[in-house]
Amino acid sequence: MRPCVLVVDDDYLVLRSVTKMLRTAGFQVFQANTVATALHVARVEELDVALVDYSLLGETGLDVLTALQRIRPRCLRVLMTGRTQADIFVDAVNEGMISRVLRKPFSVREITDWVTEALESARRDREVQTAQRRAEMEAEQRLLDVAIEASRLSLALQPIVSVSGPHQGVPVAYEALLRPKHPVLTSPLAVLAMAERYGQIGTLSTRVLAIAARLMPGLPDNARFFLNLHPAQLGHPESLADDLSDFVPYAHRVVLEITERSRLHDIPRWEESVAWMNEHGFSIAVDDLGAGHSSLLMVADLEPAFLKIDMDLVRNLHHSPRRQRLVSLLQTFAEATQTQVVAEGVETEDEVETLLGCGIHLMQGYYWAMPSEPRPPLVPA
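Predicted, not measured: the structure shown is a model, and the values here were computed from it.

Caption draft 1: Local environment of the packing of aromatic side chains. Tallied over the full model, the rule gives three aromatic pairs. Seen in terms of ring centroids, F226 and F306 are 5.1 Å apart; in terms of plane orientation they differ by 70°. Their pairing is edge-to-face. Placement of F226 in strand β10 (residues 224-229) and of F306 in strand β13 (residues 306-309) is noted, with a sequence separation of 80 residues between them. Each member of the pair, F226 together with F306, is buried. With a centroid separation of 5.7 Å and 25° between ring planes, the pair formed by W276 and F282 is classed as stacked.

What follows is the structure in structure tokens.
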């Protein structure tokens, strides 16, 4: 395809002559004589170069070039001018608005040669950047391959405790939390982000659930086991069923957490996955409630057995009467729908007391116990 050039000038003779010389040199050329027209062309056409005059009927060509920096960042931006205010142009170059200033008057050879050379230079730069990015991606892929080896993955268990009744502070469930053992990808979020980037969520999830299945028999017989599912897993019901097959005998004690940050309706076949989980007796929890954008719809669609309030709602709850009312309303809703509420990220006695005042009796957080591996942590009575 021929390179596309936008020429912007309110002088008809200049506009026509520059356009003619560029078309003769083999370029596809679009014309504009106002800022508005130039921006319209920029939005609808893939531009390689923009030649923009400084003065445009009382407006400034810098407005066009600044907008192009955002709309078409790969477009080479050239300011044409007969002015001599060097400071303006130096600032424009330094701020990335323009690649070069072309001084009027210029010859046919000068402008066509410069555009040709600039495009060739940009092509070489892109090739170098592509090669560098390819090398970086290959290095990242190697890091990820090592990070998601079964020997590099482990799970920590954090208790969910009951904070009322005769067994106050006693664990009623444990959540499995990913703990990578890799010198570079040291956090769960780092591993997850890279697995998402390279399409390895399926492999990672299979290995994590296999590790969790080995922990299940060691939990107290009356304790539930909370497992996080990545939203992408819901799009592959057959693979999910295979990954969860070892948990089927324990399904009545297993709670599968689906984060409220996910866009459920953007995931194909999620209904099939949820139907399979319900059919085999697994419970569902909506995780991170209050952190995403689709809470009510997701709760209505999934009909979960548990709602887990995001730690950002819990943090310093005792200082926020509005959030306290929200948490109380969630608890009222849960009671009406036979759902249990778990408050995550509880760290202080003030938060505990405030949550109790809101009617919340299941809590999880550092106040009760840090995540630990490989056995469930001891919790103070």
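Caption draft 2: Looking closely at the sheet that holds strand β6 (residues 76-81). The five strands are arranged β2-β1-β3-β6-β7 in an open sheet whose pairing can be described as parallel. For this open sheet the edge positions go to β2 (28-32) and β7 (100-103), each flanked by a neighbour on one side alone. With direction set aside, neighbouring strand axes in the sheet form an average angle of 20°. The sheet contact formed by strand β1 (residues 4-8) and strand β3 (residues 49-53) spans four bridges and is parallel. Bridge pairing in β3 links V8 to V52.

Caption draft 3: How the structure looks around the layout of surface pockets. Considered as a void within the structure, the largest pocket measures approximately 1,200 Å³ in volume. What lines the largest pocket is a set of 41 residues, and nearest its centre among them are E175, L177, L192, N228 and D287. At the level of elements, β8 (153-162), β9 (170-180), α6 (188-197), α7 (201-215), β10, β11 (254-259), β12 (283-289) and α11 (311-314) are the ones that each hand at least two residues to the lining of the largest pocket. Class assignment for the residues of the lining of the largest pocket results in 20 nonpolar, 10 polar and 11 charged.

Caption draft 4: Layout of the pairing of β2. The sheet contact formed by β1 and β2 spans five bridges and is parallel. What sits directly across from C4, in β2, is Q28. Viewed along the sheet, the connection from β1 through helix α1 (residues 12-24) into β2 turns out right-handed.

Caption draft 5: Main features of the pattern of salt bridges. Counted under the stated rule, the structure contains 14 salt bridges. In the salt-bridge network here, residues are joined through shared partners; they are E120, R123, R124 and E127.

Caption draft 6: Highlighting the sheet that holds β12. Ordered in space as β8-β9-β10-β11-β12-β13-β14-β15, the eight strands form a closed barrel in which the pairing is mixed. Note: β8 against strand β15 (residues 362-363), two bridges, orientation antiparallel. Along β15, the bridge assignment pairs S162 with L362.

Rules behind the numbers
Residues numbered from 1 in each chain as written. Predicted model: local features only at pLDDT ≥ 70, side-chain atom pairs only at ≥ 80, totals over all residues. Heavy atoms only, no water. Phe/Tyr/Trp six-rings, centres within 6.5 Å; stacked < 30°, edge-to-face > 60°. Helix = DSSP H or I, 4+ residues; strand = E, 2+ residues; numbered from the N terminus. Buried < 20%, exposed > 50% of the residue type's maximum accessible area, 1.4 Å probe, protein only. Pairing = 2+ DSSP bridges. Axes fitted to C-alpha atoms, helices over the stretch in contact; angles between N-to-C directions. 1 Å grid on protein atoms, 1.4 Å probe; cavity = no way out; pocket = protein on both sides within 12 Å on 5 of 7 lines; lining within 4 Å. Points joined across faces, edges and corners; volume = space filled by probe spheres on them. Nonpolar A, V, L, I, M, F, W, Y, C, P; charged D, E, K, R; others polar. Right-handed = clockwise from strand over helix to strand, strands pointing away. Salt bridge = Lys/Arg side-chain N within 4 Å of Asp/Glu carboxyl O.

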